[in-house]
Amino acid sequence: MATGWERTREEREKIAAPVTDWLVRELAPKPGDTVLELAAGQGDVGFEIAPVLGESGRLISSDFSPAMAKIARRRSAELGLTNVEHRILDAERIELADDSVDGVLCRWGYMLMPDPAAALAETKRVLRSGGRLAFSVWSSGARNPWISLAGRILVAHGHMPPPELGEPGMFVLGDEELLRRLVENAGFANVRMEDVPIHNDYPSVDEYVRRSSEMGGMFSRAWAEAPEEEQERMKDEFRQAFAPFAVDGGYELPGVSLCVLAD
């Protein structure tokens, strides 16, 4: 996915901006802090706070994927950031000492981990007393038609497996009660959650398919395996499913991210 993500970075970050702004604002880092970003991808959220940390502070930008970490390293160099350490880290087994960071960021990462409970417990372990965790996951599929509508059509055509209960996926942590219990069981207190809406604008179904395919991942693989004739039939089904979200110039497909702050 790394190559496609790099190509679409600017477009994706524009859409993600409300969530990024929430995470940065609520984490409220201070000069001199050490902040860990988990599942950082290309590092954009952490790079927003790196200037605040100053030369006496440090951002540890980490991802499980070496390809993503390589892009993040290149991006931080382009931005001229000198207080960023790039690491390949497994969030379920964080190779950092206990009580070693002042804050942790994670945008849309925990729900894709095989064991989010273990990852949250590890996050709590590396946080110093008084340290804060700011993260986001996607809310339910019903509140995110920008991806769930197309996903259901691909499942119906047999090109994507139906989601299995409890398995990693975009919406597995979308239940607020379940998520709160998961965070509190990891040892966190003062858990606060907030819905943050996002909007995806597409001028056409063809553009939706192009952008979704460029991002890589399950949609890209599922779409590529479908014969061209079937792709055209599915596009017609997309148009019908997207009709309630039609606006002048295309479609505006809404979504909701569930953002969490805990200490």
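Structure's up top.
J.: Summarise the pairing of strand β2 (residues 58–63); cite the residues concerned and give the values.
T.: Burial within β2 is extensive, with five of its six residues counted as buried. On the question of chirality, the crossover connecting strand β1 (residues 34–37) to the parallel β2 by way of helix α3 (residues 44–53) is right-handed. Sheet analysis places β2 next to strand β3 (residues 84–88), joined by five bridges and oriented parallel. Bridge pairing links Ile60 to Glu85 in β3.

J.: Go over helix α6 (residues 145–156) with me, naming the residues and quoting the values.
T.: With twelve residues, α6 extends 16 Å from end C-alpha to end C-alpha; this agrees with the ideal 16 Å at 1.5 Å per step. Within α6, nine of the twelve residues are buried, which leaves the element mostly enclosed by the surrounding structure. Taken as a whole, α6 has its buried residues at Pro145, Trp146, Ile147, Ser148, Leu149, Ala150, Gly151, Ile153 and Leu154. In this structure, the buried residues of α6 make contact with β5 (127–138), β6 (192–202), α8 (205–214), α9 (217–225), α10 (228–242) and β8 (250–262). A positive phi of about 80° marks Gly158, the residue just after α6.

About the cut-offs
Residues numbered from 1 in each chain as written. Predicted model: local features only at pLDDT ≥ 70, side-chain atom pairs only at ≥ 80, totals over all residues. Heavy atoms only, no water. Buried < 20%, exposed > 50% of the residue type's maximum accessible area, 1.4 Å probe, protein only. Helix = DSSP H or I, 4+ residues; strand = E, 2+ residues; numbered from the N terminus. Right-handed = clockwise from strand over helix to strand, strands pointing away. Pairing = 2+ DSSP bridges. Expected span 1.5 Å × (residues − 1). Contact = heavy atoms within 4.5 Å.

Remember that the coordinates give geometry; whether it matters functionally is a separate question.
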